[in-house]
Amino acid sequence: MVLNELTEQIGDNDYYLCMNEECDITYYNTKFNVKFNKQQVKVPIWFKKDADPKYACYCSEVTEDQVIEAVVKHGAKTVKEVNAITGAMKNSNCKENNPLGVCCHKIIQEAIDKGLK
């Protein structure tokens, strides 16, 4: 997820994702004191403050706003319905594309919940 020019700094070490939305740090390794900030990653981290765009599905580049629109304007209530409307989760390669390295189902569901409110 880090910019190509920074990949040599990564090595074979494990990194953690800072889950604090206010923090500028994205990935870090405390053992080797290595940190990468929001400007050093290829894509905005959806839960970080000022993320733009705020992706709900990184593989298909579907934003949180598109998911909310599918709920509000098209009546979608489930992840399956949102996926049919937006094209989310069609190009699945989450381990490589999602900053957490997991499926975006949970992020999409959180956006659906926002739209239902």
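Computed from a prediction, not measured in an experiment: that's the story for all the values here.

### Some remarks on the UniProt feature "domain: CopZ zinc binding" (unreviewed entry) in the protein
In this numbering, the UniProt entry assigns the feature "domain: CopZ zinc binding" (unreviewed entry) to residues 1-42. Measuring from the first to the last C-alpha atom of residues 1-42 gives 6 Å, for a span that is 0% helix and 26% strand.

### Examining the pattern of salt bridges
All chains considered together, the criterion is met by three salt bridges. Between E22 and K49 there is a salt bridge, with its nearest N and O atoms 3.8 Å apart. Within this pair, whereas E22 is found in the loop between β1 (16-17) and β2 (25-29), its partner K49 is found in the loop between β3 (34-37) and β4 (55-57), the two being separated by 27 residues in sequence. Accessibility expressed as a relative area gives 43% for K49, which makes it partly exposed.

### A closer look at the UniProt feature "domain: BFD-like [2Fe-2S]-binding" (unreviewed entry) in the protein
Summarizing the sequence annotation, UniProt attributes the feature "domain: BFD-like [2Fe-2S]-binding" (unreviewed entry) to residues 57-106 in the numbering used throughout. With 50% helix and 6% strand, residues 57-106 has end C-alpha atoms that lie 10 Å from one another.

What counts and what doesn't
Residues numbered from 1 in each chain as written. Predicted model: local features only at pLDDT ≥ 70, side-chain atom pairs only at ≥ 80, totals over all residues. Heavy atoms only, no water. UniProt positions renumbered as here; feature names shortened; annotations may be inferred. Helix = DSSP H or I, 4+ residues; strand = E, 2+ residues; numbered from the N terminus. Salt bridge = Lys/Arg side-chain N within 4 Å of Asp/Glu carboxyl O. Buried < 20%, exposed > 50% of the residue type's maximum accessible area, 1.4 Å probe, protein only.

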